[in-house]
Amino acid sequence: MDTMLETSSRARRTLDPKPATPILFAHFVLRSSNIQPMIDWYSTVLNMHVVQRTDYICFLTYDDEHHRLGIVNLAGLTAPDAKTAGLAHVAYTMVDIGALLSTYRRVKGLGIEPSRCIHHGPTVSIYYRDPDGNGVELQVDRYATKEATAAYFQTAEFKKNPIGVAFDPEALVQAYEAGAPESELLTMPEGPPAAPQSPPTPN
C-alpha cells in the first residue's frame, strides 16, 4: 500500500525532445596485446597514472576524472582487421540521466540503435557504432562527485566486475517518465557481468 501511494504521488514528466549536448569528453579505450609498453607510453607522454589494474583491463587518468584511458589486455591482436590493436570507443559525459535518455530516444527515432547498454557501476552508459564501426559511448556518472565516482574504482565490487551489468534503456525511459527519483534510476541493476566489448565492425 505504501509503495502504491508513493508511486501515485510522483509528478509525471516528459523528456525534452530538443538535442542534448555532451558536457565533457570523458575517456577513450584501447585494445592492445602490448599492454605494459602502452601503460608506460601514456604515463610518459600524458603524465598519466594507474587508477586500477586487473588481468583484463588497466584504467589510467591524468586529472580528477576517474579515468581518461582504459587499455584492454587481449592476446593475439593483429592489424588491420577487426583484431587490430587500437581504439575501442570514445566516451562523452551527459549532464544528467535525462539528457542521456532523451538522446537515446531522439537518435533511435532517426534509426540509430545502441549497440549495447551497460551500467558499469560508476557510470550508466549507452554505446553506439558509427558508420565505420567505431564505438561511441554516451554516459552519465552514477555519483554526485568525482571523488565518489573515483572511489568506486577501488572497491571489491568493481575489481570483481569491471565491465558492469546490461540494462534495458526502454525500461529506464519508462521509469524516468513515471517520475522515478534519480537515485533509483542510477542504481546498478542485478544481473550477471556483461560480456566484454566486441571488436569494431562497419555498419
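Residues numbered from 1 in each chain as written. Predicted model: local features only at pLDDT ≥ 70, side-chain atom pairs only at ≥ 80, totals over all residues. Heavy atoms only, no water.

## Side note on the sheet that holds strand S1 (residues 24-32)
- Ordered by their spatial adjacency, nine strands build an open sheet running S2-S3-S4-S1-S5-S8-S7-S6-S9, and the pairing between neighbours is mixed. In this open sheet, the two strands that pair with only one neighbour each are strand S2 (49-53) and strand S9 (165-166).
- For strand S5 (residues 86-93) and strand S8 (residues 135-141), the ladder comprises five bridges, and the chain directions are parallel. The partner of Ala 91 across the bridge, within S8, is Glu 137.
- Across the sheet, helix H3 (residues 97-109) touches strand S7 (123-129) and S8, and the angle it forms with S7 is around 20°. (Pairing = 2+ DSSP bridges. Helix = DSSP H or I, 4+ residues; strand = E, 2+ residues; numbered from the N terminus. Contact = heavy atoms within 4.5 Å. Axes fitted to C-alpha atoms, helices over the stretch in contact; angles between N-to-C directions.)

## Remarks on the pairing of S7
- Counting buried residues along S7, seven of its seven residues qualify, which places the element largely inside the surrounding structure.
- Across the two faces of S7 the burial is the same, with Thr 123, Ser 125, Tyr 127 and Arg 129 and Val 124, Ile 126 and Tyr 128 all buried.
- Alignment of strand S6 (residues 116-119) against S7, held across four bridges, turns out to be antiparallel. Note that in S7 the partner of Cys 117 across the bridge is Ile 126.
- Once S6 ends, the chain turns through three residues before running back antiparallel as S7, passing Gly 121 with a positive phi of about 110°.
- In the sheet, S7 pairs with S8 via seven bridges, with the strands oriented antiparallel. Residue pairing for S8: Ile 126 is matched across the bridge by Leu 138. (Buried < 20%, exposed > 50% of the residue type's maximum accessible area, 1.4 Å probe, protein only.)

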